[in-house]
Amino acid sequence: QVQLIESGGGLVQAGGSLRLSCAASGRSISTYAMGWFRQAPGKEREFVATISLTGRTTYYADSVKGRFTISRDNAKNTVYLQMNSLKVEDTAVYYCATPRTQYIIPNVANGYDYWGQGTQVTVSS
C-alpha cells in the first residue's frame, strides 16, 4: 500500500517562503511521477506542479510559475515543493500525489491514484 505523508506547512507572512516535503512508503517513487495539488476552502482541488521520474521535466500552474519549485530525491523517496514569494491566495491545504501507472506525468487530479493527507499552508497579509 502506497502511503504519502506531507510535512512543512505552517503560517507565513506574504512574501515569505516554505518548503513542503512528501515522504513516500510502500513502493519506490523512482519510476513514477509525483505531483502537488492544493485546495482552498470552498474551492476545487487544483494542480500546482508535477515532476517526471528523473526530475528533468516539470510542469507548473501559471499561478505559481516562477515562485514555486518542485524537486525530488529518489534515494530518499521524497518529493519537495519550495514555495517562495508566497501570496495570501496561496493559502490552502497542499497535497502530494502519485499515479498508479508508471512513466506517465499527469497534470490533472484524476490522473493520480494515491494521495497524502495534506498539510495546511496559511499566508497572512
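Refer to the preceding data block for the structure.
Here is a short report on the structure shown in this document. (Residues numbered from 1 in each chain as written. Predicted model: local features only at pLDDT ≥ 70, side-chain atom pairs only at ≥ 80, totals over all residues. Heavy atoms only, no water.)

We now examine the packing of aromatic side chains. For the coordinates displayed, the defined rule picks out four aromatic pairs. Aromatic pair F37 and Y112: ring centres 5.2 Å apart, planes at 75°, arrangement edge-to-face. Separated by 75 residues along the polypeptide, F37 in strand β4 (residues 34-39) and Y112 in the loop between β9 (92-98) and β10 (114-115) bring together distant segments of the chain. Owing to a relative accessible area of 1%, F37 belongs among the buried residues under this scheme. Through a chain of ring-to-ring contacts, the aromatic side chains of F37, F47, Y112 and W115 assemble into a single cluster. Between R45 and the ring centre of Y95, over which it is positioned, the NZ or CZ distance is 3.9 Å. (Phe/Tyr/Trp six-rings, centres within 6.5 Å; stacked < 30°, edge-to-face > 60°. Helix = DSSP H or I, 4+ residues; strand = E, 2+ residues; numbered from the N terminus. Buried < 20%, exposed > 50% of the residue type's maximum accessible area, 1.4 Å probe, protein only. Lys NZ or Arg CZ within 6 Å of the ring centre and 35° of its normal.)

Let's shift gears to unusual backbone geometry. With a phi angle near 50°, S85 is a residue other than glycine that sits in the positive phi range. Structurally, S85 can be placed in the loop between β8 (78-83) and β9. The phi dihedral of Y103 falls on the positive side, at around 75°, and the residue is not glycine. Here Y103 is to be found in the loop between β9 and β10. Its relative accessible area of 54% is what places Y103 among the exposed residues.

A separate point is the state of the cysteines. Scanning all chains against the criterion turns up one disulfide. With a sulfur-sulfur separation of 1.9 Å, C22 is cross-linked through a disulfide to C96. With the S-S bond torsion at 45°, the cross-link from C22 to C96 turns out right-handed. Of this pair, C22 sits in strand β3 (residues 18-25) while C96 is found in strand β9, placing the two residues 74 residues apart along the sequence. Classification of C96 as buried rests on a relative accessible area of 0%. (Disulfide = S-S within 2.5 Å.)

Looking now at the nonpolar core. Within the largest apolar cluster, 33 residues are counted, with the highest numbers of intra-cluster contacts made by W36, L81, M83 and Y94. Listing elements by their share of this core, those giving two or more residues are β3, β4, β5 (46-51), β7 (68-73), β8, β9 and β11 (119-124). (Core = buried A, V, L, I, M, F, W, Y, C linked by side-chain atoms within 4.5 Å.)

Interpretation note: all reported values are geometric properties and have no functional meaning in isolation.
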